[in-house]
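# Results of the structural survey
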Amino acid sequence: MSDLVLGIETSCDDTAVALVDEKGMVLSSVISSQIDIHEEFGGIFPEYAARAHTTTILPTVDATLKKANAKLDDIRAIGVTRGPGLIGSLLVGTNTASALGMAWNKPVYGINHLRGHLRSADLEEQRVKYPAMVLLVSGGHSFLAYMKDKSDIKILGTTRDDSVGETYDKVGRMLGLPYPGGPAVDKLAKNGKSTIDFPRPMLHEKLELSFSGLKSAVNRYMTSEPNLDSYENIAASFVDSVMEVLMTKSRKALKQNPSKSFVIVGGVAASPQLREKAQQLSNRMKVELCLPPMRWSTDNAAMIALATWDYIKLGIHKPAIPQLQLSIQDF
Ligand code: KG4
Ligand code: ZN
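All values derive from a computational prediction rather than experimental measurement.

Parameters at a glance
- Residues numbered from 1 in each chain as written.
- Chains lettered and ligands numbered in written order.
- Predicted model: local features only at pLDDT ≥ 70, side-chain atom pairs only at ≥ 80, totals over all residues.
- Heavy atoms only, no water.
- Pairing = 2+ DSSP bridges.
- Helix = DSSP H or I, 4+ residues; strand = E, 2+ residues; numbered from the N terminus.
- Axes fitted to C-alpha atoms, helices over the stretch in contact; angles between N-to-C directions.
- Donors = N, O, S within 2.8 Å, 3.2 Å for Na, K, Ca; no water.
- Tetrahedral: all angles 85-135°; square planar, octahedral: opposite > 155°, others 65-115°.
- Salt bridge = Lys/Arg side-chain N within 4 Å of Asp/Glu carboxyl O.
- Buried < 20%, exposed > 50% of the residue type's maximum accessible area, 1.4 Å probe, protein only.
- Phe/Tyr/Trp six-rings, centres within 6.5 Å; stacked < 30°, edge-to-face > 60°.
- Near = heavy atom within 4 Å.
- Polar contact = N/O pair within 3.5 Å; in protein donor to acceptor, adjacent residues only side chain to side chain.
- Areas by Shrake-Rupley, 256 points an atom, 1.4 Å probe, with all protein chains shown as cover.
- Nonpolar A, V, L, I, M, F, W, Y, C, P; charged D, E, K, R; others polar.
- Core = buried A, V, L, I, M, F, W, Y, C linked by side-chain atoms within 4.5 Å.
- Contact = heavy atoms within 4.5 Å.

Strand order across the open sheet formed by five strands is E3-E2-E1-E4-E5, with mixed pairing between neighbours. What marks the edges here is a single partner per strand, and that holds for strand E3 (26–33) and strand E5 (108–112). Going from strand to strand, the sheet's axes swing by 20° on average, the running direction of each strand aside. Where strand E1 (residues 4–9) lies against strand E4 (residues 75–83), five bridges are found, and the strand directions are parallel. Bridge assignment links Val5 to a residue of E4, and that residue is Ala77.

Taken together, the protein ligands of the zinc ion (ligand 2) are His113 (NE2), His117 (NE2) and Asp299 (OD), with distances of 2.1 Å. Geometry at the zinc ion (ligand 2) is irregular, judged from its four donor atoms and the angles of 77 to 149° they form at the metal. When the donors of the zinc ion (ligand 2) are listed by position in the chain, the intervening gaps give H-x3-H-x181-D. Remark: Asp299 occurs in the loop between helix H10 (294–297) and helix H11 (302–314) and His113 occurs in helix H4 (residues 113–119); sequence separation between them is 186 residues.

This paragraph deals with the pattern of salt bridges. Within this structure, the stated rule accounts for 15 salt bridges. One salt bridge connects Asp310 with Arg115, and the closest N-O pair in it is separated by 3.2 Å. One end of the pair, Asp310, is in helix H11; the other, Arg115, is in helix H4, and 195 residues separate them in sequence. Asp310 gets classed as buried once you look at its relative accessible area, which sits at 5%.

Moving on to the packing of aromatic side chains. Within this structure, the stated rule accounts for three aromatic pairs. Geometrically, the ring pair formed by Tyr168 and Phe238 is edge-to-face, given 5.1 Å between the ring centres and 80° between the ring planes. Within this pair, whereas Tyr168 is found in helix H5 (residues 164–174), its partner Phe238 is found in helix H8 (residues 231–256), the two being separated by 70 residues in sequence. Judged by its relative accessible area of 2%, Tyr168 is buried.

As a further point, take the site of ligand 1. Around ligand 1 lies a shell of 18 residues, among which Gly139, Asp169, Asp186, Gly267 and Asp299 are the nearest. One of the backbone N or O atoms of Gly139 is found 2.8 Å from an oxygen atom in ligand 1. A distance of 2.9 Å separates an oxygen atom of ligand 1 from a polar backbone atom of Gly267. Protein chains shield 85% of the accessible area of ligand 1, which is 550 Å² for the free molecule. Of all the secondary-structure elements, those providing two or more residues to the shell around ligand 1 are H5 and helix H6 (181–190). Taken together, the residues of the shell around ligand 1 sort by class into five nonpolar, ten polar and three charged.

Once that is clear, we can look at the nonpolar core. If you look at the biggest cluster of nonpolar residues, it comprises 44 residues, and the most contacted ones within it are Tyr168, Phe198, Phe238, Leu246, Phe262 and Ile264. For this core, the secondary structure elements donating two or more residues are strand E6 (132–137), strand E7 (142–147), H5, H6, helix H7 (212–224), H8, strand E9 (261–265) and helix H9 (272–285). With twelve residues, H8 is the largest single contributor of residues to this core. Non-local contacts of Leu246, meaning those with residues more than four positions away in its chain, are made with Leu135, Val137, Val164, Phe211 and Leu274. Ala18, Tyr109, Leu306 and Tyr311 belong to the second largest nonpolar core, which has 20 residues in total.

Below, the discussion takes up unusual backbone geometry. Cis geometry is adopted by the peptide bond preceding Pro84, which originates at Gly83 and carries an omega value of -10°. Examined against the element boundaries, Pro84 turns out to sit in the loop between E4 and helix H3 (87–104). At the junction of Tyr179 and Pro180, the peptide bond is cis and its omega measures out at -5° in the coordinates. Counting through the fold element by element, Pro180 comes out in the loop between H5 and H6. A positive phi angle, close to 55°, is found at Asn69, a residue other than glycine. Mapped onto the elements of the fold, Asn69 is located in the loop between helix H2 (46–67) and E4. The backbone of Met202 sits at a positive phi, close to 55°, despite the residue not being glycine. Along the chain, Met202 turns up in the loop between H6 and H7.

Following this line, the structure appears as structure tokens:
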């Protein structure tokens, strides 16, 4: 009989379920994406996200169990994202997890989505060497965290306003690109040159981040500049500004907190520009760059299951109740 955790993740627009063993091996992971639903709105429509979860959650649980050929006896516990996220979306996951826990007589653990992201780099193989510096850049969050080990996590700086991914998506919309804007902005930027001096928000302030000023600056430029540069150059200038901020903050964080690994997770880790800059910085700082496969960097339930294993081993239990005001330190 195997010993597995069933992870459930529905904090935003992906219905994700996975089965993971104690070592972080992923026996199955199924993700039902909602991009088709939200595309026409140019962003996530929260009510539609929750409705879609209600129809996909049980078939996704079913498909995950079938894929791994797992029996109920194989499951030791259920772990579900309790926050942060959209309330309607979180409720579908936590209610489903609670109902399954009751029906199957399994304990249910509420998991901080951000802890899941921070642990995602160790899925399938132990990649991270501790202490580690983690840069999380996703559509929902952006922060730098120092991990002395997998349980000793300290947030060093987070964004005061928009996340990096959200900023990419909004700039993508300004440039008339489809949602999600990140990959499209990157592609456009590759053919351009950084010719516009967009701001580098909070570059010299500690390790906090801020991107709303940069987003507004691009908007101001697009709406009031009489001689607009090419869209390729606008995209390249924007990306240049984001990269300078992220790399300056990461360098500062690594200098203050010597680390063995520099880990980047979250959807924006797919950016070739970010990957290149991060490699250069890692070489300079003599730290090992750890870029886990993208399937574990973007939202998934395997990371929630792995975080559940941490709780089981540490003897921590948090209820599966949505918590919107979840403190970023409440791991
Ligand atoms: O981690 P993720 O899949 O979902 C959240 O947890 O939010 O991140 C999605 C974000 C989107 O904002 C998307 O535009 C961005 O990641 N993204 C990228 C790239 N691919 C996805 N941003 C920049 N460059 C990319 N190649
Ligand atoms: Zn996420």
